[in-house]
Amino acid sequence: MKPVTWEDISVERISNSVQRRVLWGDQGTFAQLTLASSTHVAKHRHSAEQFTCIIKGTIRLNVDGQDVLLKAGEMLVIPANVEHEAWVVEDCVVWDFFTERRDDWQEGINQYLDLSLIHI
């Protein structure tokens with residue numbers, strides 16, 4: 001076991017406006033997402049509970065019909081199986097931790113992130 005930094009993890013370019021670095025555990029997934037302003041993350045849900053922390057920027061989320069504005073330093077827990085979507089208000093760096101592995105990501109299933117640009 002040895003420590004790693006985000007810089008040790010390769011960047012996965014999902015689209016022109018979304019980049020991701022992922023740290024895989026046996027029971028969870030930790031990701032750093034870089035999202036360009038005006039990016040829309042389409043409605044989706046997953047079986048993992050999601051812990052979101054905004055490192056830089058501002059993002060507007062709709063979680064189960066409730067709007068939430070998150071700014072740098074703020075965090076939110078999105079329950080498992082709850083539909084949610086996001087609009088990036090200004091360029092963001094986001095840390096997301098999921099309570100179970102996002103095997104769908106390892107399988108390349110992430111259409112809700114793939115070139116889904118909608119301008120706010």
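First, a word on what this report is: a plain description of the structure on this page. Computed from a predicted structure; not experimentally measured. (Residues numbered from 1 in each chain as written. Predicted model: local features only at pLDDT ≥ 70, side-chain atom pairs only at ≥ 80, totals over all residues. Heavy atoms only, no water.)

## What about the overall build of the protein chain?
Part 1 of the reasoning: Helix and strand counts for the protein chain stand at one helix and eight strands.
Part 2 of the reasoning: Each helix and strand of the protein chain, placed in order from N terminus to C terminus, yields the pattern β-β-β-β-β-β-β-β-α.
Part 3 of the reasoning: The C-alpha atoms of the protein chain give a radius of gyration of 13 Å, which matches the 14 Å a tight globule of 120 residues would have.
Part 4 of the reasoning: Along the three orthogonal principal directions, the C-alpha set of the protein chain runs to about 40 × 30 × 25 Å.
Part 5 of the reasoning: Burial analysis of the protein chain (120 residues in total) assigns 43% to the buried set.
Part 6 of the reasoning: Within the protein chain, residue pairs in contact and separated by at least 24 positions form 68% of the contacts whose partners lie at least 6 positions apart.
Part 7 of the reasoning: Of the roughly 6900 Å² that the protein chain leaves accessible, carbon and sulfur atoms contribute 51%.
Part 8 of the reasoning: Each charge class in the protein chain can be summarised by its mean position, and for the 11 positive and 18 negative side chains these summaries are 4 Å apart. (Helix = DSSP H or I, 4+ residues; strand = E, 2+ residues; numbered from the N terminus. Rg over C-alpha atoms; globule rule 2.2 N^0.38 Å. Buried < 20%, exposed > 50% of the residue type's maximum accessible area, 1.4 Å probe, protein only. Contact = heavy atoms within 4.5 Å. Areas by Shrake-Rupley, 256 points an atom, 1.4 Å probe, with all protein chains shown as cover. Lys, Arg positive; Asp, Glu negative; His and termini not counted. Charge placed at Lys NZ, Arg CZ, Asp CG, Glu CD.)

## What to know about the packing of aromatic side chains
Part 1 of the reasoning: Following the criterion strictly, the structure yields six aromatic pairs and no others.
Part 2 of the reasoning: Taken together, a centroid distance of 6.2 Å and an interplanar angle of 50 degrees make the contact between Phe-51 and Phe-97 tilted. Note that Phe-51 is positioned in strand 5 (residues 50-63) and Phe-97 in strand 8 (residues 84-98), a separation of 46 residues in sequence.
Part 3 of the reasoning: Phe-51 sits in the partly exposed class, given a relative accessible area of 32%.
Part 4 of the reasoning: With centroids separated by 5.2 Å and ring planes inclined at 80 degrees, the aromatic side chains of Phe-98 and Trp-105 adopt a geometry described as edge-to-face.
Part 5 of the reasoning: Members of the aromatic cluster, joined through ring pairs, are Trp-6, Phe-30, Phe-51, Trp-95 and Phe-97.
Part 6 of the reasoning: Just above the ring of Trp-105 sits the side chain of Arg-20; from NZ or CZ to the centre is 4.1 Å. (Phe/Tyr/Trp six-rings, centres within 6.5 Å; stacked < 30°, edge-to-face > 60°. Lys NZ or Arg CZ within 6 Å of the ring centre and 35° of its normal.)

## Re the pattern of salt bridges
Part 1 of the reasoning: Applying the stated criterion across every chain, the model contains five salt bridges.
Part 2 of the reasoning: Notably, a salt bridge pairs Arg-20 with Glu-12, separated by 3.0 Å at the nearest N-O pair.
Part 3 of the reasoning: Measuring nitrogen to oxygen at the nearest pair gives 3.8 Å for the salt bridge that ties Glu-83 to Arg-45. Of this pair, Glu-83 sits in the loop between strand 7 (75-78) and strand 8 while Arg-45 sits in the loop between strand 4 (40-44) and strand 5; the two residues are 38 residues apart in sequence, bridging distant segments of the chain.
Part 4 of the reasoning: For Glu-83, a relative accessible area of 32% translates into the label partly exposed. (Salt bridge = Lys/Arg side-chain N within 4 Å of Asp/Glu carboxyl O.)

## Description of the environment of Glu-12
Part 1 of the reasoning: Looking at the secondary structure, you find Glu-12 in strand 1 (residues 12-13).
Part 2 of the reasoning: Relative accessible area serves as the criterion here: at 32%, Glu-12 is assigned to the partly exposed category.
Part 3 of the reasoning: Each C-alpha atom of the pair Glu-12 and Arg-101 lies 17 Å from the other, and the pair is 89 residues apart in sequence.

## Some thoughts on the nonpolar core
Part 1 of the reasoning: Ranked by size, the top nonpolar core spans 17 residues in total, and within it Leu-35, Ile-59, Leu-61, Leu-70, Cys-92 and Val-94 carry the most contacts.
Part 2 of the reasoning: Taken together, the elements giving at least two residues each to this core come down to strand 3 (29-35), strand 5, strand 6 (66-71) and strand 8.
Part 3 of the reasoning: Filtering out sequence-adjacent residues up to four positions away, Val-94 remains in contact with Ala-31, Gln-32, Leu-33, Leu-35, Thr-52, Cys-53 and Ile-54.
Part 4 of the reasoning: Residues Val-22, Ala-31, Ala-48 and Phe-98 belong to the second largest nonpolar core, which totals five residues. (Core = buried A, V, L, I, M, F, W, Y, C linked by side-chain atoms within 4.5 Å.)

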